[in-house]
Amino acid sequence: MAAVASGRWLRFHCRLCLPLTDRRAGSCGWTPSCRVFIFCRFYSGSAALSKVEGADVTGTEEVVIPKRKIWDKVAVLQALASTVNRDTTAVPYAFQDDPYLIPTSSAESRSFLLAKKSGENAAKFIINSHPKYFQKDIAEPHIPCLMPEYFEPQIEDISEAALKERIRLKKVKASVDMFDQLLQAGTTVSLETTNSLLDLLCYYGDQEPLADYHFQQREKSEELEEATEENNEKSKKGGHQFVTWRAKNNAERIFALMPEKNAYSYCTMIRGMVKHRAPMQALNLYTELLNNRLHVDVYTFNSLIEATAMTNEKFEEKWNNILELLKQMVAQKVKPNLQTFNTILKCLRRFYAFGRLPALQTLREMKAIGIEPSLATYHYIIQLFYQYENPAKASSLLIYDIMNHLTGKKFSPRDPDDDMFFQSAMRVCSSLRDLELAYQVHGLLNTGDNRKFIGPDQRRNFYYSKFFSLLCLMEQIDVTLKWYKDLIPSVFFPHSQTLIDLLQALDVANRLEMIPQIWKDSKEYGHTFRNDLKEEILTLMTRDRHPAELQVAFADCAADIKSTYESQDARQKAPDWPANALNCIAVLFLRAGRTQEAWKMLGLFKKHNKIPRNELLNEFMDSAKASNSPAQAIELVKLASAFSLPVCEVLTQRVIADFAISQEQKEALGNLTALTSDSDSDSSSDSDGDIGEGK
């Protein structure tokens, strides 16, 4: 049926392609020239037909079938994902869980991710501890990581197969014990298996690898039980990532026992020594390798370059040694790869200013031999030329050349440090105060799948904090607020300093009516008890007078901030209210007409032993005058006298001039003024005496 249908389609298409006179030739118009045209059109693709119309075909035209398009398994999902943009109102995908558990701050997001990872590790521990209960495979297609893994060796006899199994299971001590038992039994272990054992020992530094789940309890061996508490504390502080190469360890012992050693054996030992911070031993072993007329691979040369940079020599001597290694690569016909040049640049970062010229030479050499630099390459260049906040003028132009070269490109992972480029580039944009350059870096981040190189949470928060702070400093306020809605909290949770930068931008643009909303957001993002943020908000709201409606909103915001201080007092044993916060809250209450609450704030000055400002006392006197309350005015003078403030005399004169008070009240005010003047004279005499003693 399919063949008949395809034949009809070809005959129909043939009629469309031929002139009208050709259609009448024959019953269906199927001519040799038509056949050649059809196959050339649909199968050969670019093959040209050189036959003259009407001429007979003497030979068979070669049919070139196009290559089959192999689609990725997730191609359909990728196509669907490309049709959906990021939802700026939704939380990141990693946090999409129960709405009650959605984090609202950086600390909560970190706790969420740690709890999620802890749950995964707990599940892995249960599955791998009891694999017989999890044999049913319900995933379609099969997902290997969901099935239990077997970590216990199945081969019990002493054989090379048992040794291979223990090496595959990453059992360091068990592998070494099996190797020793084989030697004691007189069994010769093959060179390939011995090299595999060296790989295991050199990679983990002759120590057992850490488990994926740290809460797993293991039985202590007799050696650990006999160890002292001091050694236990050292082992806990050390950790696996700080393992150093121990002299005469099992790797060196097995390497010395090998009857024959090939280049792979030497390369494994050299890379292991460099990884675990034994550069001199690695360089000495490389000399032994050369004496045995063996050659190393490019990965070992990369490790040797790193070992050269770790030696205690001058920068110039280290660079000459690196150049010597590169010459030996040429002599051994070993072609360098991307990691070779990245290792050189990574080492040159430690050379400071001396490493800048060699770094540029290395970058030019990469391009000369046709190796495209990765993002990590430019990260090392940026770190070398922009080590300080204020780089030199010559080096400050380098970042522009880098970004002009990278703009519009899509990257794939090629180096473990590729995810550090955008963090370094945005740090330079912030130090240079260049907003256009920051936009260029951010545009590169959003090109293709480059967003994957933003790095973990800590680097992502650093990048966006620097970017948004630069927007607050350099961009128009409307554009800044648009970025604020787009990035927060769907991309990152702001720190308190980020919100302070936004408040300062609102102050410059005279958009202080947004402050109550910023305070509401700051509470949502977990900055309720950040005193620096609260004082910045209160200072901006208090500095100038505003329309009545805005003053009411500011007073409500101040009351909310006051409640945070009160709740903070309940949590702390020795509460301490900042004097600036007390002054600002009282002023905002007065300006909004909330007089009773404002007068209550004066009691807090006495309670926390804070001195009110002269401007605040004058505003309280204006409020007492507006309400025609001489009792409040006299209380204000008493408060100023209690703190021995110089403004007490001025306040007394205002009370006498603006209020109708009795003779007794006047005498009481006179006594308060006299006490204040006496205390001022005493303090001045004490200071004069101190000056005389100093002379």
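Residues numbered from 1 in each chain as written. Predicted model: local features only at pLDDT ≥ 70, side-chain atom pairs only at ≥ 80, totals over all residues. Heavy atoms only, no water.

## Structural notes on the overall build of the protein
Argument step 1. Counting its regular elements, the protein contains 34 helices and zero strands.
Argument step 2. The buried share among the 695 residues of the protein stands at 39%.
Argument step 3. In the structure as shown, the protein presents an accessible area of about 41200 Å², 53% of it carried by carbon and sulfur atoms. (Helix = DSSP H or I, 4+ residues; strand = E, 2+ residues; numbered from the N terminus. Buried < 20%, exposed > 50% of the residue type's maximum accessible area, 1.4 Å probe, protein only. Areas by Shrake-Rupley, 256 points an atom, 1.4 Å probe, with all protein chains shown as cover.)

## As for helix 23 (residues 457-474)
Argument step 1. The terminal C-alpha atoms of helix 23 lie 26 Å apart, and with 18 residues this matches the ideal 26 Å at 1.5 Å per residue to within 8%.
Argument step 2. Turning to helix 23, its buried residues number three or more, namely Arg460, Asn461, Tyr463, Tyr464, Ser465, Phe467, Phe468, Leu470, Leu471 and Cys472.
Argument step 3. Each element contacted by the buried residues of helix 23 is listed here: helix 5 (106-129), helix 21 (421-432), helix 22 (435-445), helix 24 (477-487) and helix 25 (496-508). (Expected span 1.5 Å × (residues − 1). Contact = heavy atoms within 4.5 Å.)

## Observations regarding the nonpolar core
Argument step 1. Membership of the largest hydrophobic core comes to 151 residues, with the highest contact counts inside it found for Met269, Phe421, Phe422, Ile537, Leu538, Phe620 and Val655.
Argument step 2. With nine residues, helix 29 (residues 579-591) is the largest single contributor of residues to this core.
Argument step 3. Beyond its immediate chain neighbours, meaning those up to four positions away, phenylalanine 422 contacts Leu375, Val441, Leu444, Leu445, Asn450, Phe453 and Tyr463.
Argument step 4. Ranked by size, the runner-up nonpolar core spans five residues in total, among them Phe341, Leu363, Met366 and Ile371. (Core = buried A, V, L, I, M, F, W, Y, C linked by side-chain atoms within 4.5 Å.)

## Brief notes about the confidence of the model for the protein
Argument step 1. Predicted confidence across the protein gives a mean pLDDT of 81, with 81% of residues reaching 70 or more.
Argument step 2. Predicted confidence is poor over residues 1-55, with pLDDT under 50, and the contacts of this stretch with residues over four places away or in other chains come to 36 contacts.
Argument step 3. Low pLDDT (under 50) marks residues 682-695, which in the prediction has zero contacts with non-local residues, meaning those over four places away or in another chain. (pLDDT = per-residue confidence, 0-100.)

## Quick notes on the packing of aromatic side chains
Argument step 1. As enumerated under the stated definition, the model contains 18 aromatic pairs in all.
Argument step 2. Ring geometry for phenylalanine 95 and phenylalanine 493: centres 6.4 Å apart, planes at 50°, overall tilted. Of the two residues, phenylalanine 95 sits in the loop between helix 4 (75-81) and helix 5 while phenylalanine 493 sits in the loop between helix 24 and helix 25, which places them 398 residues apart along the sequence.
Argument step 3. Using a relative accessible area of 3% as the deciding quantity, one classes phenylalanine 95 as buried. (Phe/Tyr/Trp six-rings, centres within 6.5 Å; stacked < 30°, edge-to-face > 60°.)

## Thoughts on the packing of helix 25 against helix 26 (residues 515-524)
Argument step 1. At their nearest, the axes of helix 25 and helix 26 sit 11 Å apart, and the two run at 175° to each other. Here helix 26 runs roughly antiparallel to helix 25, going by the angle between their axes. In this structure, helix 25 uses Leu499, Leu502, Leu503 and Leu506 to contact helix 26, whose residues at the interface are Ile515, Ile518 and Ser522.
Argument step 2. Of the residues that constitute the contact of helix 25 with helix 26, the class distribution is six nonpolar, one polar and no charged. (Axes fitted to C-alpha atoms, helices over the stretch in contact; angles between N-to-C directions. Parallel < 35°, antiparallel > 145°, perpendicular 65-115°, else oblique. Nonpolar A, V, L, I, M, F, W, Y, C, P; charged D, E, K, R; others polar.)

## Describing the pattern of salt bridges
Argument step 1. Inspection of every chain in the model, using the stated rule, returns 22 salt bridges.
Argument step 2. Aspartate 180 is the partner of arginine 253 in a salt bridge, and the nearest nitrogen-oxygen pair spans 3.2 Å. Of the two residues, arginine 253 is situated in helix 11 (residues 250-257) and aspartate 180 in helix 7 (residues 172-184); the sequence distance between them amounts to 73 residues.
Argument step 3. Given the relative accessible area of 31%, arginine 253 is considered partly exposed.
Argument step 4. With a closest N to O distance of 2.6 Å, aspartate 622 and arginine 654 form a salt bridge. One end of the pair, aspartate 622, is in helix 31 (residues 614-626); the other, arginine 654, is in helix 33 (residues 648-658), and 32 residues separate them in sequence.
Argument step 5. A network of salt bridges, in which partner residues are shared, links Asp478, Arg511 and Glu513. (Salt bridge = Lys/Arg side-chain N within 4 Å of Asp/Glu carboxyl O.)

## Comments concerning unusual backbone geometry
Argument step 1. A cis amide bond links isoleucine 488 with the next residue in sequence, proline 489, at an omega value of 0°.
Argument step 2. At tyrosine 352, a position not held by glycine, the phi torsion is positive, near 60°.
Argument step 3. With respect to the helices, strands and loops of the structure, tyrosine 352 is situated in the loop between helix 16 (338-348) and helix 17 (356-368).
Argument step 4. Owing to a relative accessible area of 46%, tyrosine 352 belongs among the partly exposed residues under this scheme.
Argument step 5. Notably, asparagine 510 is not glycine yet its phi reads approximately 55°, a positive angle.

## Here we look at the environment of phenylalanine 411
Argument step 1. The residue phenylalanine 411 is located in the loop between helix 20 (398-406) and helix 21 in this model.
Argument step 2. Considered as a pair, phenylalanine 411 and arginine 451 are 40 residues apart in the sequence and their alpha carbons are 9.8 Å apart.

## Points about a nonpolar patch on the surface
Argument step 1. A contiguous nonpolar patch, built from Val74, Val76, Leu77 and Leu80 and spanning about 380 Å² of accessible area, is present on the exposed surface.
Argument step 2. Note on placement: leucine 80 falls in helix 4. (Patch = residues over 30% accessible without salt bridge, like charges linked within 9 Å, V, L, I, M, F, W, Y side chains within 5 Å.)

## A few points about the packing of helix 29 against helix 30 (residues 595-608)
Argument step 1. Between helix 29 and helix 30, the least distance of the axes is 8 Å, while the angle of their chain directions is 160°. It follows from the interaxial angle that helix 29 and helix 30 lie roughly antiparallel. For the pair helix 29 and helix 30, the sense of crossing is left-handed. Taken together, the residues of helix 30 that come into contact with helix 29 (itself represented by Leu582, Asn583, Ile585, Ala586, Phe589 and Leu590) are Thr595, Glu597, Ala598, Met601, Leu604 and Phe605.
Argument step 2. Grouping the amino acids of the contact of helix 29 with helix 30 by side-chain chemistry returns nine nonpolar, two polar and one charged. (Left-handed = near helix turned anticlockwise from the far one by under 90°.)

## Side note on helix 27 (residues 531-542)
Argument step 1. Its 12 residues place the ends of helix 27 16 Å apart at the C-alpha level, agreeing with the 16 Å of an ideal helix rising 1.5 Å per residue.
Argument step 2. Taken residue by residue, helix 27 has Leu533, Lys534, Ile537, Leu538, Leu540, Met541 and Thr542 as its buried positions.

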